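Report on the structure
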Amino acid sequence: KCDVVIIEDDAYYWLQYPHGPDNVPGLNLRPGFLSLDVDGRVIRIDTLAKLLGPGFRLGWLAAPPEVALKVGLYLASSTVGASSLSQVLIHQLLEQWGIQGLESFVRRLQQRYARSAAVAAAAADEHLTGLAEWRSANAGMFLWMMLKGDNTDSAKLLEYAAAEGVMIVPGQLSSVKHLAAAAAQLRRQQQQQGQIQQQQGTIQQ
């Protein structure tokens, strides 16, 4: 109806623990939008960054063949693809693990994050009841909160939280309004750069 394409960027896909640390899903993970796609409108992006380590810089894309081909050509002409060393290391690791070894690793990882999520939720219950609203996390590595009160700004808490060893990512950085403003600013910068280049070309002529 709306003729849109969905880009499903699911970096935290492997970190699912909907039933807590004692009953993690392993590789029996909840499917994403790609599993519902029948028209070739979903482009799914996966990564090993949150599973095996961000330093490997490895990921993969699932998309309609014509899209995958263009992405492959772009990578070949820009970065020439991912690190060969990383690819060989991960290939050998997965070959050594096999499916059972991978599942065992994923389960341990899910249990670790499930325990951390439970600790975060307990701390929130103890210290933030009445000051914020939240739902306990069942996937990923963040606990999303909404501060109560007027004119609240989570960005002001960054320094205080850092001093206590707590990482905060202000929600406004992920808001549609913030992203739209960033895109508008980028367009203005590109227009200004284009005007400067045009003026320089005119002067040189």
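Refer to the structure above for everything that follows.
The following paragraphs examine the structure supplied in this document. (Residues numbered from 1 in each chain as written. Predicted model: local features only at pLDDT ≥ 70, side-chain atom pairs only at ≥ 80, totals over all residues. Heavy atoms only, no water.)

**Regarding the nonpolar core**
Counting residues in each nonpolar core, the largest one holds 18 residues, and the members touching the most others are W14, Y17, L48, L51, L52 and L109. Among all residues touching L109, those that are not within four sequence positions of it are L15, K50 and L51. (Core = buried A, V, L, I, M, F, W, Y, C linked by side-chain atoms within 4.5 Å. Buried < 20%, exposed > 50% of the residue type's maximum accessible area, 1.4 Å probe, protein only. Contact = heavy atoms within 4.5 Å.)

**Points about the layout of surface pockets**
Quantified by volume, the largest pocket comes out at close to 1,600 Å³. As for the largest pocket, its lining consists of 36 residues, of which L143, W144, M145, M167 and I168 are closest to the centre. Listed by contribution, the elements that provide at least two residues to the lining of the largest pocket are α2 (84-127), β5 (145-147) and α3 (158-163). Tallying contributions element by element places α2 first for the lining of the largest pocket, with eight residues. Its residues assigned to classes, the lining of the largest pocket shows 26 nonpolar, eight polar and two charged. Of the voids in this model, the second largest pocket is the one considered here, and its volume is about 360 Å³. If you trace the second largest pocket, you find 18 residues lining it, with A137, N138, A139, F142 and W144 closest to the centre. Of all elements in the fold, only β4 (132-134) and β5 reach the threshold of two or more residues within the lining of the second largest pocket. (1 Å grid on protein atoms, 1.4 Å probe; cavity = no way out; pocket = protein on both sides within 12 Å on 5 of 7 lines; lining within 4 Å. Points joined across faces, edges and corners; volume = space filled by probe spheres on them. Helix = DSSP H or I, 4+ residues; strand = E, 2+ residues; numbered from the N terminus. Nonpolar A, V, L, I, M, F, W, Y, C, P; charged D, E, K, R; others polar.)

**Observations regarding helix α1 (residues 65-78)**
With 14 residues, α1 extends 20 Å between its outermost C-alpha atoms, agreeing within 8% with the 20 Å of an ideal straight helix rising 1.5 Å per residue. Burial within α1 is sparse, with just zero of its 14 residues counted as buried. Once α1 finishes, V80 follows within two positions and takes phi at roughly 60 degrees, a positive value. (Expected span 1.5 Å × (residues − 1).)

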